[in-house]
Amino acid sequence: MLTISRISVRAVGVLSAIGMTALPTAAQTGADFYRGKTVTYIVATSAGGGYDLYGRLVAEYMAKYLPGSTFVVKNLPGAGHLVGTNTIYASKPDGLTIGTFNTGLIYNQLIGIPGVRFDLKKMSWIGKAASDPRVIVIAANSGIKTFADLKNQKKPVNFSTAGVGSAAYVETTVLQHLLRLPIQIQSGYNGSDDQLAMRRGEIIGTIASRSSWQQYVDSGVARFVAQIGGSEKDIPQLSTLVSDPTAKAFIALVQSQGDLSRLTAGPPDIPADRLKALRDAYTRAMADPELKAKVATLGRPLEPFTGEEVARRIDEALHQPSSTIALLKQAMEQKAPVREVKGKIESLNEGNKQINLATDSGTVSGEVSGSRTSLTINGSPGNRADLKTGMSCTLKVEEGATEIKSLDCR
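The text that follows walks through the structure, step by step, so that each part is easy to find. Just so it is clear, the structure is predicted and the values come from calculations on it, not from any experiment.

Section: the overall build of the protein
Next, step 1: Within the protein, the regular secondary structure consists of 13 helices and 18 strands.
Next, step 2: Along the first, second and third principal axes, the C-alpha atoms of the protein reach 110 × 60 × 45 Å.
Next, step 3: Counting the 410 residues in the protein, one finds 46% classified as buried.
Next, step 4: Counting every atom, the protein has about 20000 Å² of accessible surface; 52% of that belongs to carbon and sulfur.

So, unusual backbone geometry
What is expected of a backbone is that most residues other than glycine have negative phi and most peptide bonds are trans.
Next, step 1: In this structure, E350 is a non-glycine residue whose phi angle is positive, near 55°.
Next, step 2: You can see E350 is positioned in the loop between strand 12 (338-349) and strand 13 (354-359).
Next, step 3: Accessibility expressed as a relative area gives 61% for E350, which makes it exposed.
Next, step 4: Of note in this structure, N378 is not a glycine but carries a positive phi near 55°.
Next, step 5: Residue position: N378 is located in the loop between strand 15 (374-377) and strand 16 (380-381).
Next, step 6: Overall, N378 belongs to the exposed group, its relative accessible area being 52%.

As for the side chain of S131
Next, step 1: With respect to the helices, strands and loops of the structure, S131 is situated in the loop between strand 4 (124-130) and strand 5 (134-139).
Next, step 2: Polar side-chain contacts of S131 include one of 2.6 Å to the side chain of K128.
Next, step 3: A polar contact is formed between the side chain of S131 and the backbone oxygen of D259, at a distance of 3.4 Å.
Next, step 4: Not counting the four nearest positions on each side in its chain, S131 is found in contact with G258, D259, S261, P301 and E303.

As for the packing of aromatic side chains
Each aromatic ring pair is summarised here by two numbers: the centre-to-centre distance and the angle between the ring planes.
Next, step 1: Summed over all chains, the structure comprises three aromatic pairs.
Next, step 2: With centroids separated by 5.0 Å and ring planes inclined at 85°, the aromatic side chains of F33 and Y34 adopt a geometry described as edge-to-face. Y34 carries the same exposure label as F33, and that label is buried.
Next, step 3: Ring geometry for W213 versus Y216: centroids 5.6 Å apart, planes at 55°, classification tilted. Placement of the pair is W213 and Y216 together in helix 8 (residues 210-218), with a separation of three residues, close to one helical turn. In this structure, W213 and Y216 share a single accessibility class: buried.

Remarks on the pairing of strand 8 (residues 205-209)
When a strand is regular, its side chains alternate between the sheet's two faces.
Next, step 1: Extensive coverage of strand 8 is indicated by the burial of five of its five residues.
Next, step 2: Pairing analysis gives five bridges linking strand 5 to strand 8, with the strands arranged antiparallel. The residue bridging R134 from the neighbouring strand is S209, located in strand 8.
Next, step 3: Bridge count between strand 6 (residues 157-160) and strand 8: two bridges; the pairing is parallel. Considered in strand 8, the bridge of S160 is made with T206.

What counts, and where the lines are drawn
Residues numbered from 1 in each chain as written. Predicted model: local features only at pLDDT ≥ 70, side-chain atom pairs only at ≥ 80, totals over all residues. Heavy atoms only, no water. Helix = DSSP H or I, 4+ residues; strand = E, 2+ residues; numbered from the N terminus. Buried < 20%, exposed > 50% of the residue type's maximum accessible area, 1.4 Å probe, protein only. Areas by Shrake-Rupley, 256 points an atom, 1.4 Å probe, with all protein chains shown as cover. Polar contact = N/O pair within 3.5 Å; in protein donor to acceptor, adjacent residues only side chain to side chain. Contact = heavy atoms within 4.5 Å. Phe/Tyr/Trp six-rings, centres within 6.5 Å; stacked < 30°, edge-to-face > 60°. Pairing = 2+ DSSP bridges.

Any functional reading would require information that these geometric values do not contain.
In structure tokens:
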């Protein structure tokens, strides 16, 4: 009996040990899940610029409030934020891939343009950092001091936009139509091109983000005559200056873009406890005194919303009347005008991919694609490797684009 008893005790002890080792450890939940984990934060633009700036600030301070986590920023530019957004949406919904992109993609989803492989309604919204209202900007020396002055112009005045199909182009085109604005749209202005053009007197106005033009208004070069969204009270809201219901609906849509500036989102179906941890870390990051001080030093706005509020507003923005969607579709499907430029090759770079043409009005630069640019040399199909400085060339390029459609050199 004694031997049997010892064996039994030993067996029970071994079985207990096996049982204890076989039991799984408790699954990490919420913020604990992120200890020792790396979060990839995708920015749907190249490095530099506003999206990259906010993305890196958000990543840095979210890591602070998810102890033990590491955040890595990854820039994925391309196709007007579509590449980065599609990547975020298709990522594994484990809470380890999030990122930022332009809410102008709401326009893309509303009309269903090719390349959209996401549903903004289904994304896991974490929060947004800023509001950057749209403004109608007018050159200070134009004599136009109010929105009413603009409406009463006898002749159309030049307004700048980025390339055809961009959010700026769409907004300007639709507002021109709905409000019967006497403006002539000049597309293809990128970066600070429009600000320099206004100084030269080449353009009279533009519709743009307030933060991009505040310095020019403060310096006396330009003035704001109307605003869409934002909390500032120094100029009238455009919605109060119009009465047409379709115009008001579109203005509300444009406002949703500015109100949700610099957002952060993840793919659909992130587990609820992890999404809550991400949202909590985001909210605490936005309230961090050090982050606030950095944003203030950079002269950038900071008006955060919670993920729940962003989700609600995105849903509202995606419910538009058919008349608004038709206007968007018409504006976004317009073909960019093609311009012809003649001159001599001044220089070639990057294996002849980059061409600089000396013309009567200055140097014109463009990209020569090995497969998409139609290239002829002395009347016969050519290769870009055969291009030489000094050749006389005629190129054709779409307004706002950098890639040359056709190039004929002799």
